[in-house]
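# What the coordinates show
Chain residues, written in single-letter form:
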Amino acid sequence: MSAYRKPDPSKIQELKDIAHRLRIHSITATQASKSGHPTSCASIAEVMSVLFFNTMRYKISAPRDASSDRFILSKGHAAPILYAAWAEAGLFPISDLQNLRKIDSDLEGHPTPRLNFVDVGTGSLGQGVAVAAGMAYVGKNFDKADYRTYALVGDGESAEGSIWESLHFAGHYKLDNLCVIFDVNRLGQSEPTSLQHQMEVYRKRLDAFGFNAIVVDGHDVEELSRAFFEAQQTKGRPTAVIAKTFKGKFFPNIEDLENWHGKPLGDAAEAVMKHLQALIKNKGQLTLGPSTPVENAPVVSIANVKLASPPDYKLGETIATRLAYGTALAKIGMNNSRVIALDGDTKNSTFSDKLKKAFPERYVECFIAEQNLVGVAIGAACRDRTIAFVSTFATFFTRAFDQIRMGAISQTNVNFVGSHCGVSIGEDGPSQMGLEDIALFRTIPGSTVFYPSDAVSTERAVELAANTKGVCFIRTSRPNTAVIYANDEKFVAGKAKVVKQSANDQVLFIGAGITLYEALSAAGELEKSGIHARVLDPFTIKPLDRDAIISNAKQCGGRIVVVEDHYREGGIGEAVLSAVADQRDIIVKHLYVPTVPRSGPPTVLIDMFGISARKVIAATHDILKL
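For clarity, every value in this text was computed on a predicted model and none was experimentally measured. (Residues numbered from 1 in each chain as written. Predicted model: local features only at pLDDT ≥ 70, side-chain atom pairs only at ≥ 80, totals over all residues. Heavy atoms only, no water.)

## As for the overall build of the protein
Across its full length, the protein holds 21 helices and 19 strands. Here the protein has a C-alpha radius of gyration of 28 Å; the compact-globule value for 626 residues is 25 Å, and the two agree. Projecting the C-alpha coordinates of the protein onto the three principal axes gives extents of approximately 95 × 50 × 40 Å. Per-residue burial for the protein yields a buried fraction of 61% across its 626 residues. Partitioning the intrachain contacts of the protein with sequence separation of at least 6 by distance along the chain shows that 79% fall at a separation of at least 24. Accessible area of the protein: about 23,300 Å², with a carbon and sulfur share of 49%. One finds the centroid of the 69 positive side-chain charges in the protein at a distance of 1 Å from the centroid of its 68 negative side-chain charges. (Helix = DSSP H or I, 4+ residues; strand = E, 2+ residues; numbered from the N terminus. Rg over C-alpha atoms; globule rule 2.2 N^0.38 Å. Buried < 20%, exposed > 50% of the residue type's maximum accessible area, 1.4 Å probe, protein only. Contact = heavy atoms within 4.5 Å. Areas by Shrake-Rupley, 256 points an atom, 1.4 Å probe, with all protein chains shown as cover. Lys, Arg positive; Asp, Glu negative; His and termini not counted. Charge placed at Lys NZ, Arg CZ, Asp CG, Glu CD.)

## Side note on the domain arrangement of the protein
Each domain of the protein was delimited in the assignment, giving domain 1 (9–279), domain 2 (317–483) and domain 3 (497–624). Each of domain 1 and domain 2 has a C-alpha centre, and these two points are 33 Å apart. With 32 residues of domain 1 at the interface, the matching set in domain 2 holds 29 residues. Of all residues in domain 1, Gln-127, Phe-142 and Glu-165 give up the largest surface area on contact with domain 2, accounting jointly for 24% of the area buried on that side. Where domain 1 meets domain 2, there are 3 salt bridges. For Arg-338, the salt bridge goes to Asp-143, with nearest N and O atoms at 2.7 Å. Summed over the shared surface of domain 1 and domain 2, the number is 11 residue pairs in polar contact (both at pLDDT 80 or more). Where the side of domain 1 that touches domain 2 is concerned, the elements lending two or more residues are helix H5 (128–143) and helix H6 (161–172). Considering each element in turn, the side of domain 1 that touches domain 2 owes the most residues, 9 residues, to H5. (Domains from an automatic or database assignment. Buried area = accessible area lost by both parts, 1.4 Å probe. Salt bridge = Lys/Arg side-chain N within 4 Å of Asp/Glu carboxyl O. Polar contact = N/O pair within 3.5 Å; in protein donor to acceptor, adjacent residues only side chain to side chain.)

## So, the sheet that holds strand S15 (residues 507–511)
Strand order in the open sheet formed by 5 strands is S14-S16-S15-S18-S19, and the pairing between neighbours is mixed. Among the strands making up the open sheet, the edge pair consists of strand S14 (497–500) and strand S19 (587–593). Averaged over all pairs of adjacent strands, the angle between strand axes in this sheet comes to 25°, irrespective of strand direction. Sitting on the sheet, helix H17 (residues 514–528) touches S14, S15, strand S16 (533–537) and strand S18 (559–567), and the angle it makes with S16 is about 170°. Against the sheet, helix H19 (residues 572–579) contacts S15, S18 and S19, and its axis sits at roughly 145° relative to S18. (Pairing = 2+ DSSP bridges. Axes fitted to C-alpha atoms, helices over the stretch in contact; angles between N-to-C directions.)

## Topic: the sheet that holds strand S2 (residues 149–154)
Strands sit in the order S1-S2-S3-S5-S4 across an open sheet of 5 strands; the sheet is parallel. In this open sheet, the two strands that pair with only one neighbour each are strand S1 (70–73) and strand S4 (212–217). The sheet shows a mean angle of 20° between the axes of neighbouring strands, taken without regard to direction. The sheet contacts of helix H3 (residues 45–55) involve S1, S2 and strand S3 (178–184), and relative to S2 the element is tilted by about 175°. Its contacts with the sheet place helix H7 (residues 199–208) against S3, S4 and strand S5 (239–244), and it is angled at close to 170° to S5.

## Observations concerning the side chain of Thr-39
Inspection of the secondary structure assignment puts Thr-39 in helix H2 (residues 38–42). Beyond its immediate chain neighbours, meaning those up to four positions away, Thr-39 contacts Lys-247, Gly-248, Phe-251, Ile-254, Trp-260, His-261 and Leu-265.

## Side note on the packing of H6 against helix H13 (residues 370–381)
At a closest axis distance of 8 Å, the pairing of H6 and H13 adopts a crossing angle of 65°. When the interaxial angle is binned, H6 and H13 end up roughly perpendicular. The way H6 lies across H13 gives a crossing that is right-handed. Facing H6, whose interface residues are Ser-162, Glu-165, Ser-166 and Phe-169, H13 presents Glu-370, Gln-371, Asn-372 and Val-376. (Parallel < 35°, antiparallel > 145°, perpendicular 65-115°, else oblique. Left-handed = near helix turned anticlockwise from the far one by under 90°.)

## Here's the deal with the packing of H5 against H6
How two helices sit against one another is set out by the angle between their axes and by the gap between those axes. Following both chains from N to C, one finds H5 and H6 inclined at 20°, their axes separated by 8 Å at the closest point. Of the possible angle classes, the one that applies to H5 and H6 is roughly parallel. You can see that H5 and H6 cross each other, and the crossing is left-handed. Each of Val-129, Ala-130, Ala-133 and Tyr-137 in H5 lies in contact with H6, whose residues at this interface are Ile-163, Ser-166, Leu-167 and Phe-169. By residue class, the composition of the contact of H5 with H6 is 7 nonpolar, 1 polar and no charged. (Nonpolar A, V, L, I, M, F, W, Y, C, P; charged D, E, K, R; others polar.)

## Here's the deal with the nonpolar core
Residues Leu-342, Phe-416 and Ile-560 are the most contacted members of the largest nonpolar core, which totals 85 residues. Broken down by element, this core gets its largest block of residues, 9 residues, from H5. Not counting chain neighbours up to four residues away, the residues in contact with Leu-342 comprise Val-364, Cys-366, Leu-373, Val-376, Ala-377, Ala-388, Phe-389, Val-390 and Ser-391. Met-48, Met-56, Leu-82 and Leu-152 belong to the second-largest nonpolar core, a separate cluster that totals 51 residues. (Core = buried A, V, L, I, M, F, W, Y, C linked by side-chain atoms within 4.5 Å.)

## What about helix H4 (residues 79–89)?
Burial analysis of H4 places 11 of its 11 residues in the buried class, the great majority of the element. Among the residues making up H4, those that are buried are Ala-79, Pro-80, Ile-81, Leu-82, Tyr-83, Ala-84, Ala-85, Trp-86, Ala-87, Glu-88 and Ala-89. Lining the buried residues of H4 we find helix H1 (9–33), H2, H3 and S1. Two residues or fewer after H4 comes Gly-90, characterised by a positive phi angle close to 110°.

Right, dumping it as structure tokens:
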């Protein structure tokens with residue numbers, strides 16, 4: 001272990017000066033925008049100075065270089081000082097800081113990856129540690145590289161349970177390349193935090209979570225330098241630097257006072273900046289800058305991922321789509337070593353354990369902590385280091401909606417797979433039934449929502465998702481369903497499949513998953529009485545194949561019956577209704593789960609809640625009367 005060498009006095013003074021310069025930039029930027037959080041920036045000025053100009057190793061020329069250290073500003077409202085640090089480091093002109101929050105500037109109120117030095121969007125508090133833990137996990141276990149990950153957390157957001165989920169994850173996996181800095185500045189937005197400056201409480205809690213917990217004066221650059229050095233030397237556990245700070249530090253008549261959150265200094269700005277200027281000893285050019293990273297992150301490719309072998313099923317064979325997902329996951333894992341699976345202790349139900357069995361080192365168990373599960377995956381996918389597939393029961397993604405939403409803001413390419421959807425799971429009852437999941441993922445900007453109905457289409461959905469930009473969701477079912485597609489069938493996102501048709505069809509059925517088979521069964525029964533129905537499998541609900549739906553509906557007299565194992569709002573039916581809204585001669589009958597369901601046998605529930613073949617037949621007779 002290397003011995004710590006205290007920085008010489010001139011370096012310590014320059015780090016102090018840089019901190020004050022960062023404070024001044026935060027004030028001038030928020031004054032220009034007439035909004036922002038200068039006091040929240042002031043409490044972390046020394047932390048940012050020491051990290052960016054003494055500790056971290058990164059390239060100014062390539063802010064997202066694979067071998068560079070990572071930094072996540074979890075308390076995203078302190079964005080002005082992050083921008084100021086990069087400007088002082090030389091990435092862009094300091095004058096650009098005056099464009100903070102302007103409509104034509106990417107220096108937004110909270111960081112987003114529109115900026116080339118930001119990996120993920122932050123600002124929805126409580127998520128930064130999960131992302132950082134995902135990055136650190138990849139660095140330690142997949143890249144096996146020297147880069148380190150730093151996450152700066154506000155004490156207010158540490159009340160979020162998701163923070164402690166992530167701390168548990170980091171401690172469990174002994175992520176000694178992770179350093180979490182707690183900015184304990186005592187004040188929240190509207191009142192003091194619950195713990196205020198009880199530093200020993202923070203230390204004991206973090207120690208209990210498996211961290212090397214170090215309490216420091218967060219405004220002492222020498223203490224910070226020593227703490228970050230200790231973090232670099234600590235093996236077998238992550239480090240938490242618990243920094244005692246003050247909101248508005250060095251702002252006369254503002255420091256440590258309430259009611260200064262989220263507002264520029266206004267008339268007080270000039271006096272504060274004059275005071276800060278007087279504290280700066282070195283007025284000239286900076287001599288400090290980032291250290292050069294060790295170039296040992298491997299070159300990886302996550303493009304053009306294929307199934308190692310094509311689907312291999314017999315027509316009519318019954319296979320659950322959740323099982324086919326696991327098979328496909330293992331197959332693309334054979335093709336690309338950067339395919340990873342993350343799960344929340346449901347791997348033997350979602351069948352993500354198939355990848356674990358084939359490549360145990362590429363499976364990440366995140367336990368029953370879905371918010372952290374999603375955040376870790378987003379971190380793991382940053383800088384194109386992995387192709388991440390996240391699985392759990394579809395309904396449990398609802399508790400991580402905010403993380404998924406922020407993933408879209410972060411331009412993530414994470415793939416989500418939700419099993420056990422709808423009333424068709426049976427006896428487990430409504431708490432386990434995903435009935436809102438299509439709606440959830442349809443609302444995510446840029447998302448792709450796959451809903452495969454058989455094993456062949458599921459394998460192809462996995463292959464497509466691995467190569468699709470943005471958030472992807474694959475909805476899989478618990479019951480076995482018959483293979484209806486040939487193994488060489490081609491699938492494209494946004495292109496539907498007609499699985500039954502004739503020249504004299506009178507109604508178009510649209511279903512997916514188990515309801516596609518209810519529609520096929522209903523069509524078979526109706527045919528006995530001379531009523532012909534066409535059946536369409538949408539394959540993707542977003543993008544929906546609008547052209548196929550409209551053209552097939554018109555060929556069927558303008559009549560559509562949609563049947564889905566989902567609540568009314570936001571599912572397939574509303575997607576179809578939206579697609580045909582501007583068509584004069586198309587009517588839609590929508591069958592869905594109308595109320596909170598209950599436990600029972602799947603076939604009984606499907607009929608009880610209105611989505612069985614019998615109900616489709618009744619709806620067909622109704623629509624033919626119109």
